[in-house]
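One-letter residues, chain by chain:
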Amino acid sequence: MTRFTLPLVAALGGLIGAGAVWSYERFASPGGADQARIERVVHDYVLAHPEIIPQAMQGLQERQSGELVAANREAIVTPFGSAWAGNPQGDVTLVEYFDYNCGYCRASLPMIADLLKRDGKLRIVYRDLPILSEASRTAARASLAAAQQGKFLAFHDALYAGGPVSDASITAAAAKAGVGLGAVDSGTIDAEIAKNMTVAAKLGMNGTPSWVVGNRVLSGALPIEELEKAIAAARGA
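Everything numeric in this text was worked out from a predicted model, so none of it was measured.

(A) Summary view of the nonpolar core. One finds Leu 94, Tyr 100, Leu 115, Tyr 126, Phe 155, Trp 211 and Leu 227 to be the most contacted residues of the largest nonpolar core, which totals 43 residues. Of the residues forming this core, the biggest block, 7 residues, is contributed by helix 8 (residues 134–148). With sequence-adjacent residues up to four places away left out, Leu 227 is seen in contact with Leu 94, Met 111, Leu 115, Trp 211, Leu 218 and Leu 222. Membership of the second largest hydrophobic core comes to 12 residues, among which are Val 69, Val 125, Val 199 and Ala 200.

So this is what it looks like as structure tokens:
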């Protein structure tokens, strides 16, 4: 008989319901006949209801993800300079980890604009995560320089409007936004990129866009309804 790890057994115990809900402490140190009985009950229940396995694993993953978000919250929700939009006193913060070379990030722009129009209590924080190319890192450095100068959104919009990312389009976007790239604090900017990379790895992000709202981590170009649902859940927590 295959034995479950303690966290999964505890999660399954919670799903089994009336008459078979045990505390984690009882799972942690059962002995002899009690352990065999518990394992047999869980084993038989899982065989009869295999659909609870992905449910239990999802619940476990979401709990672990939430713990990681909570442990790194300041590094996630505190914007770098002016790299934010919406209500500065918003009751929910939606964080987007993005790459300027990411087509899905570009495709999410209208959805983000709609979110801000629909929800006057929302704050969005943008985190550069240049993972696709060296041009992505060059764009991220310019983006963060713009954020240092209080011109993030102007640069952000100009670069996306300028077509494919290149040295020329980055320079043109900086000029349009009035961002000076000649004397930027490269040490602080590189430290910010490194921090974003580290936090993203901790949260299990493997692509862009990735999102954090409340204690949840979401991935991909999502429909607005899914993000609004996550925002409502964070607001109600």
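(B) Focus on the pattern of salt bridges. Throughout the structure, instances matching the rule amount to 6 salt bridges. With a shortest N-O distance of 2.8 Å, Arg 235 and Asp 91 are connected by a salt bridge. Of this pair, Arg 235 sits in helix 12 (residues 224–236) while Asp 91 is found in the loop between strand 1 (84–86) and strand 2 (92–98), placing the two residues 144 residues apart along the sequence. With relative accessibility at 44%, the residue Asp 91 sits in the partly exposed group. Note that Arg 118 is salt-bridged to Glu 228, the shortest N-O span being 3.1 Å. Of the two residues, Arg 118 is situated in helix 7 (residues 109–118) and Glu 228 in helix 12; the sequence distance between them amounts to 110 residues. Of the residues examined, Glu 228 reaches a relative accessible area of 28% and is grouped as partly exposed. Residues joined by salt bridges that share partners form a network here, namely Asp 91, Asp 119 and Arg 235.

(C) Seen up close, the packing of helix 8 against helix 11 (residues 186–202). Direction vectors running N to C along helix 8 and helix 11 enclose 115°, while the axes themselves pass 10 Å from each other. With respect to helix 11, the axis of helix 8 lies roughly perpendicular. Both helix 8 and helix 11 take part in a crossing whose hand is right-handed. Contact residues: helix 8 offers Arg 137, Ala 140, Arg 141, Leu 144, Ala 145 and Gln 148, while helix 11 offers Thr 188, Ile 189, Asp 190, Glu 192, Ile 193 and Met 197. For the contact of helix 8 with helix 11, the class distribution of residues is 6 nonpolar, 2 polar and 4 charged.

(D) Region of interest: the packing of aromatic side chains. What the rule picks out here adds up to 5 aromatic pairs. Between Phe 98 and Tyr 126, the aromatic rings sit 6.3 Å apart at their centres with planes inclined by 90°, giving edge-to-face as the arrangement. With a gap of 28 residues between them, Phe 98 in strand 2 and Tyr 126 in strand 3 (residues 122–128) connect regions that are remote in the sequence. By relative accessible area, Tyr 126 is classed as buried at 6%. Seen from their ring centres, Tyr 100 and Tyr 160 are 5.2 Å apart, and the 50° between their planes marks the pair as tilted. Of this pair, Tyr 100 sits in the loop between strand 2 and helix 6 (103–107) while Tyr 160 sits in helix 9 (residues 152–161), and the two are 60 residues apart along the sequence. Classification of Tyr 100 by relative accessible area gives buried; the value is 3%.

What counts and how
Residues numbered from 1 in each chain as written. Predicted model: local features only at pLDDT ≥ 70, side-chain atom pairs only at ≥ 80, totals over all residues. Heavy atoms only, no water. Core = buried A, V, L, I, M, F, W, Y, C linked by side-chain atoms within 4.5 Å. Buried < 20%, exposed > 50% of the residue type's maximum accessible area, 1.4 Å probe, protein only. Helix = DSSP H or I, 4+ residues; strand = E, 2+ residues; numbered from the N terminus. Contact = heavy atoms within 4.5 Å. Salt bridge = Lys/Arg side-chain N within 4 Å of Asp/Glu carboxyl O. Axes fitted to C-alpha atoms, helices over the stretch in contact; angles between N-to-C directions. Parallel < 35°, antiparallel > 145°, perpendicular 65-115°, else oblique. Left-handed = near helix turned anticlockwise from the far one by under 90°. Nonpolar A, V, L, I, M, F, W, Y, C, P; charged D, E, K, R; others polar. Phe/Tyr/Trp six-rings, centres within 6.5 Å; stacked < 30°, edge-to-face > 60°.

By themselves these figures say nothing about function.
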